[in-house]
Protein chains: 2
Amino acid sequence: MNTNKIRVADYVADFLKNKKIDKIFMLTGYGAMYLNDAIKLQGIKYFAARNEAAAPMMAEAFARASGKVGAVCVTAGPGATNAIPGLAEAYVDSAPIIIISGQVEKKHTTHFMKIKNLRTYGTAEINIIPIVKPLTKFSAVVDAPNSIRYLLEKAYSSATSGRPGPVWLDIPLDVQQALINPNKLRSFKEKKVQGNKNNIQKIKKLIKIIKKSSSPILVVGNGVRQSNQIENLKKIIKILKIPVFFSRLGQDIISHDKKYIYGQAGVKGSLFCKKIMEKSDLLISFGSRLAVQFLGLKKEAISKKCKICMIDVDSSEIIKTSPYFYIKQDLKDFIPGFYRIIKKEKKYFNFQRWNAFCKKTKSENPIILQNKKNPIDLYYFMSRLGDLSPKNSFLITDAGSNYYIGGQVWKFKKNQREITSGCNAAMGLSIPLAIGAGVAKPKDNILAVTGDGSLELNIQELKTISHYNLNIKLFVINNGGYVSMIKWQDTVFSGRRLDTKEFTGAGTLNLKKIANAFDLKWYLIKNVNNIDKDLKKIFKIKGPLFVEVVTDNKQKIQSGFKNE
Amino acid sequence: MNTNKIRVADYVADFLKNKKIDKIFMLTGYGAMYLNDAIKLQGIKYFAARNEAAAPMMAEAFARASGKVGAVCVTAGPGATNAIPGLAEAYVDSAPIIIISGQVEKKHTTHFMKIKNLRTYGTAEINIIPIVKPLTKFSAVVDAPNSIRYLLEKAYSSATSGRPGPVWLDIPLDVQQALINPNKLRSFKEKKVQGNKNNIQKIKKLIKIIKKSSSPILVVGNGVRQSNQIENLKKIIKILKIPVFFSRLGQDIISHDKKYIYGQAGVKGSLFCKKIMEKSDLLISFGSRLAVQFLGLKKEAISKKCKICMIDVDSSEIIKTSPYFYIKQDLKDFIPGFYRIIKKEKKYFNFQRWNAFCKKTKSENPIILQNKKNPIDLYYFMSRLGDLSPKNSFLITDAGSNYYIGGQVWKFKKNQREITSGCNAAMGLSIPLAIGAGVAKPKDNILAVTGDGSLELNIQELKTISHYNLNIKLFVINNGGYVSMIKWQDTVFSGRRLDTKEFTGAGTLNLKKIANAFDLKWYLIKNVNNIDKDLKKIFKIKGPLFVEVVTDNKQKIQSGFKNE
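For clarity, every value in this text was computed on a predicted model and none was experimentally measured.

Trainee: Would you mind showing me how to read the overall build of chain A here?
Mentor: Helix and strand counts for chain A come out as 25 helices and 20 strands. Taking 24 Å as the expected radius of gyration for a compact globule of 564 residues, we find that chain A reaches 25 Å, a close match to that expectation. If one aligns the C-alpha atoms of chain A with their principal axes, the spans along those axes are about 75 × 60 × 45 Å. Residue pairs at least 24 apart in sequence account for 76% of intrachain contacts in chain A once pairs closer than 6 positions are excluded. Total accessible area on chain A stands at roughly 20900 Å², and carbon and sulfur atoms take up 50% of it. For chain A, the centre of its 91 positive side-chain charges and the centre of its 45 negative side-chain charges are spaced 8 Å apart.

Now the structure itself:
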């Protein structure tokens with residue numbers, strides 16, 4: 001045996017380590033045994049999820065919080081299919097994560113057998129790649145040990161370039177343990193994306209359009225953070241001096257108390273944003289997909305005369321939006337280029353009247369009713385949570401009322417970050433997202449909000465929080481469960497309810513006992529007059545805490561589109 | 001408005017009701033709101049899962065226990081992707097289930113937009129059909145309201161015909177609420193499968209092969225039950241008078257104390273089955289896929305001279321096995337035809353010497369060590385559980401030691417049934433499978449075994465058990481967690497352990513607190529001398545019970561292939 005040779009599994013672990021991925025989310029299993037062993041040997045710190053579904057969600061939050069790539073290792077068959085819910089989240093929310101699944105020996109895979117409609121072959125074997133293909137930027141079975149470098153490099157490049165997203169490699173047991181010479185492997189050559197030479201003309205055209213506008217707004221999405229362009233963006237805002245709106249995943253890019261920053265617009269955005277957007281004649285978008293939740297299903301959030309100028313790296317989103325004008329380019333190239341040109345033209349941007357109108361509209365349509373009453377108004381609680389949260393905190397929401405309200409009231413004044421399920425508004429994400437963020441930033445305060453309905457979906461991961469003693473404060477909104485769903489059952493279907501305590505037992509868990517059973521300390525907030533005192537006390541506690549927050553079960557959501 | 005017109009959603013609920021599907025597993029959601037409402041209006045009893053992942057698992061067990069089709073309704077986006085883990089189980093284990101997912105309005109789906117690589121469009125929208133296609137027998141988006149009858153009929157036919165399996169229909173919100181005239185819909189015409197005319201010659205050939213054999217065995221799989229051919233099978237066994245072996249999913253077809261019944265063979269089967277199979281010169285299989293877990297990876301469970309004759313409806317399994325002789329036919333046609341012919345030839349089947357050898361082999365290689373000691377030997381516990389279980393009980397196992405041991409020691413003497421994850425041996429299935437069986441057979445005893453590792457994966461569904469007050473006794477084997485995994489970490493990797501209490505907290509939940517937190521009564525079995533008394537007491541309790549069983553954490557598995 002050549003001593004230069006190492007196992008493919010070790011090559012994989014080395015690769016991750018070299019990419020500075022020193023933490024991984026996994027659930028061990030027979031089909032991934034060499035990978036599991038290599039991860040341990042390489043000293044990559046592994047965090048065990050209690051169900052593989054949550055592992056990619058954790059990795060997604062890890063990626064967002066750390067700016068690195070998130071990594072996941074699962075076993076074959078059910079290990080791989082269990083991970084799909086989290087994969088779907090990472091895909092729609094553009095998180096760069098790499099999922100590696102173990103697989104049975106190659107010759108016992110349906111992939112290798114190539115028999116049509118053969119459902120499974122080896123023990124706990126499922127041909128996972130065709131299933132995950134529509135949810136990944138790149139996916140492949142590692143058939144040949146010597147292809148490992150090429151496939152890892154291609155996967156990594158695909159996850160991180162352009163619009164980020166998840167990738168998946170499936171590695172059979174015999175390939176995992178095959179010996180390879182790491183110096184004799186084919187590498188992957190990244191295709192050079194054509195530069196931005198041609199874009200100077202386009203940038204000039206864009207600037208012309210802006211100059212012609214009397215009421216422009218700038219919409220900023222997650223792409224700006226992912227391209228590391230926040231500082232340049234700030235400079236651009238100073239030059240353009242126009243109102244700035246955020247998409248849901250862009251919310252935390254700049255503090256909302258900074259000049260020109262108006263926060264989140266869209267279906268569940270604020271009324272003042274709605275009123276401003278309706279008057280705008282030009283919407284410039286940087287790295288936002290301009291979702292239907294933002295523009296409305298028929299672009300009803302903007303006026304018919306409003307011109308959309310979209311700058312994005314993802315051509316499918318441009319096609320979907322059919323903007324008036326677009327530049328398809330990575331923001332890491334576009335924003336510096338744009339800045340270089342406009343900084344010479346500072347004096348031409350002057351929208352004083354428009355800004356005055358926007359300011360006035362904001363002050364006349366305040367978001368929050370400072371409704372300090374018992375039972376607690378969720379607007380009041382979420383607003384206090386945001387305001388009192390220490391700097392560098394991570395604020396995390398789950399599906400339902402807390403998602404919408406967090407999106408409206410948080411201001412991200414002290415470099416706070418938000419992590420949430422942006423596109424899917426999926427139930428049950430708070431806990432895994434909090435874990436991912438807590439693993440990435442063990443010293444920061446992770447403040448995660450969930451509802452008593454959403455809590456149930458990944459409740460098993462409470463044990464992950466307590467086991468790893470993560471610095472997570474989990475605020476569980478006890479409003480009797482499924483308030484959002486009961487709302488449409490009452491409105492659309494004249495009160496034919498399905499999700500009630502009687503029918504499904506939704507929202508009837510005893511939260512104190514749940515916290516206790518999963519080895520978490522429990523804390524109760526139920527008096528509005530003590531919220532500030534309670535929160536200050538909670539923020540001083542090190543390590544995890546389960547906080548039950550009893551709120552009004554008739555909570556109304558204020559929104560730009562309608563009051564619900 | 002024509003008063004004859006009804007909503008598509010109501011047509012779906014009517015269709016299910018007409019197919020005698022009067023219970024459904026679901027989790028409500030905005031994207032499925034009209035479906036949810038129609039289900040309620042139609043009086044279909046709905047059971048809410050706490051995570052959509054578990055709903056198809058419940059439906060699978062419901063289908064197995066009731067002989068009907070299992071039904072699931074989930075919402076769009078994360079509701080649909082969450083359901084994939086359960087879908088995968090139903091697919092590999094051949095369960096006829098129909099999954100209906102809600103979807104956003106058609107014009108806001110990526111399916112309708114047809115833009116390449118568009119990740120999502122409407123709120124919480126994912127194009128689910130391409131993802132689930134490889135895991136279903138049939139799947140489609142219901143694009144046109146008037147196609148609903150055709151698609152439902154086609155889906156139902158596909159789920160139940162040939163080798164059963166899951167099907168999936170995705171119904172956008174606007175289609176759900178569209179009004180249709182139910183009398184003016186196109187129907188689906190089932191393709192007539194060619195009859196068994198040509199098979200008489202093949203049956204005669206098979207009989208010739210049997211007559212020539214000196215040591216034949218009959219392997220019986222789940223297909224026999226699914227084709228309703230158990231009674232005819234019993235008659236055939238009386239005529240052939242040869243040893244009968246079961247696949248894992250066929251285990252409960254005939255009581256193991258009946259003449260000629262030898263129970264489960266295969267990798268984790270008994271040593272005596274192994275020894276008999278090695279001597280056999282003819283293996284006839286009825287409705288078993290002859291998995292690698294049964295024949296071994298290189299068919300090492302049988303001798304080189306052994307001829308395989310396979311009767312199965314799934315041609316891919318026949319191609320995979322490459323048998324000596326096969327008949328591709330539905331057993332509901334084959335078995336009666338085969339019986340009609342062989343019953344006239346009774347006297348020609350005489351394998352006395354072979355049967356004597358098999359009987360002797362069995363008595364010389366008993367499965368169970370009646371190891372009555374503390375800490376409790378899992379063989380002893382599982383054997384007492386099987387023996388003392390009331391008639392018509394459902395015995396359910398989860399991944400790990402209890403799966404293998406249940407498969408070896410249970411005899412199904414009093415019409416007991418087994419439900420388990422057959423192909424995947426997936427962790428965490430016990431609870432949802434128990435719920436599905438409990439919903440199908442509310443008066444029967446559901447005796448489900450799980451491990452303290454597997455428990456965590458679907459722990460949220462404990463609340464489903466307590467809420468619906470299902471007659472489930474859940475036996476949670478407390479052996480310190482992940483015993484199977486620690487075993488290979490110790491053997492293959494010289495003790496480089498990953499799943500230990502220190503590293504991942506596996507198996508460290510306080511089970512009494514967990515039971516309590518999910519509103520279940522808790523019972524402890526830890527003294528081997530009280531097992532019988534404990535079990536008798538438990539079986540008398542009506543409704544759910546969480547039973548912690550403390551067993552040996554150094555449990556060894558006996559098997560035909562090797563002792564582990």
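Trainee: I would appreciate a short explanation of the interface of chain B and chain A in the present structure.
Mentor: How big an interface is tends to be stated in terms of the accessible area lost upon association of its parts. Counting from both sides, the interface comprises 96 residues of chain B and, opposite them, 96 residues of chain A. Summed over both partners, the interface of chain B with chain A comes to about 7900 Å²; 62% of that surface belongs to carbon and sulfur atoms. Between chain B and chain A we count two salt bridges in total. A salt bridge links R50 of chain B to E456 of chain A, with the nearest nitrogen and oxygen atoms 3.3 Å apart. Inspection of the chain B/chain A interface yields 20 residue pairs in polar contact (both at pLDDT 80 or more). When its residues are assigned to classes, the side of chain B that touches chain A shows 46 nonpolar, 25 polar and 25 charged.

Trainee: Is there a simple way to think about the sheet that holds strand 2 (residues 23-26) of chain A in this case?
Mentor: Sheet strands pair by backbone hydrogen bonding; their relative direction is either parallel or antiparallel. Residue and element names in this part refer to chain A. With respect to topology, six strands assemble into an open sheet ordered 3-2-4-5-7-6, the strand pairing being parallel. Because the sheet does not close on itself, it has two edges, and the strands there are strand 3 (45-48) and strand 6 (138-141). Between one strand axis and the next, the sheet turns by 20° as a mean value, whatever way the strands run. Note: strand 6 against strand 7 (residues 167-172), four bridges, orientation parallel. Residue pairing across strands places F138 opposite V167, the latter belonging to strand 7.

Trainee: Help me understand helix 12 (residues 230-240) of chain A, please; the structure alone is not making it clear to me.
Mentor: In an α-helix, one turn spans 3.6 residues, which is why side chains three or four residues apart end up on the same side. Residue and element names in this part refer to chain A. Within the span of helix 12, buried status applies to I230, N232, L233, I236, I237, I239 and L240. Buried residues of helix 12, viewed axially, fall in a sector of 170°; they line one side. Relative to its buried face, helix 12 has exposed residues pointing more than 90 degrees away, namely E231 and K238. K241, located one to two residues past helix 12, shows a positive phi value of around 55°.

Trainee: Hey, could you run me through the relation of the copies chain B and chain A in this one?
Mentor: Here two copies of a chain appear, and what relates them is a rotation about an axis with a shift along it. Once chain B has been moved 0.0 Å along the axis and rotated by 180°, it coincides with chain A to within an RMSD of 0.0 Å. What the superposition gives is, in effect, a two-fold axis relating one chain to the other. Proximity to the rotation axis, assessed at the C-alpha, singles out I131 of chain B in chain B; its C-alpha lies 2.5 Å from the axis. When the interface residues of chain B are mapped onto chain A, 100% of them again lie at the interface, so the same face is used by both copies.

Trainee: Would you mind showing me how to read the pattern of salt bridges here?
Mentor: Oppositely charged side chains can pair when the atoms bearing their charge come close. Under the defined criterion, the tally for this structure stands at 44 salt bridges over all chains. A salt bridge links E418 of chain B to R248 of chain B, with the nearest nitrogen and oxygen atoms 2.6 Å apart. Placement of the pair is E418 of chain B in strand 16 (residues 417-419) and R248 of chain B in the loop between strand 10 (244-246) and strand 11 (261-264), with a sequence separation of 170 residues. Its salt-bridge partner being K332 of chain B, residue D330 of chain B comes within 3.3 Å of it at the nearest N-O pair. For K332 of chain B, a relative accessible area of 46% translates into the label partly exposed. The structure contains a network of salt bridges with shared partners spanning R163, D314, E317 and K320 of chain A.

Trainee: I tried to follow the packing of helix 12 (residues 230-240) of chain B against helix 16 (residues 331-342) of chain B on my own but got confused; where do I start?
Mentor: The relative placement of two packed helices is expressed as an angle between their axes plus a distance between the axes. Residues and elements named next belong to chain B. In contact at an axis separation of 10 Å, helix 12 and helix 16 are set at 35° when each is read in the N-to-C sense. Crossing geometry of helix 12 relative to helix 16 is assigned as left-handed. Within the contact between the two elements, helix 12 uses N232, L233, K235, I236, I239 and L240 and helix 16 uses I335, P336, F338, Y339 and I342.

Parameters at a glance
Residues numbered from 1 in each chain as written. Chains lettered and ligands numbered in written order. Predicted model: local features only at pLDDT ≥ 70, side-chain atom pairs only at ≥ 80, totals over all residues. Heavy atoms only, no water. Helix = DSSP H or I, 4+ residues; strand = E, 2+ residues; numbered from the N terminus. Rg over C-alpha atoms; globule rule 2.2 N^0.38 Å. Contact = heavy atoms within 4.5 Å. Areas by Shrake-Rupley, 256 points an atom, 1.4 Å probe, with all protein chains shown as cover. Lys, Arg positive; Asp, Glu negative; His and termini not counted. Charge placed at Lys NZ, Arg CZ, Asp CG, Glu CD. Buried area = accessible area lost by both parts, 1.4 Å probe. Salt bridge = Lys/Arg side-chain N within 4 Å of Asp/Glu carboxyl O. Polar contact = N/O pair within 3.5 Å; in protein donor to acceptor, adjacent residues only side chain to side chain. Nonpolar A, V, L, I, M, F, W, Y, C, P; charged D, E, K, R; others polar. Pairing = 2+ DSSP bridges. Axes fitted to C-alpha atoms, helices over the stretch in contact; angles between N-to-C directions. Buried < 20%, exposed > 50% of the residue type's maximum accessible area, 1.4 Å probe, protein only. Arc of directions from axis to C-beta. Least-squares fit on C-alpha atoms with pLDDT ≥ 70 in both. Left-handed = near helix turned anticlockwise from the far one by under 90°.

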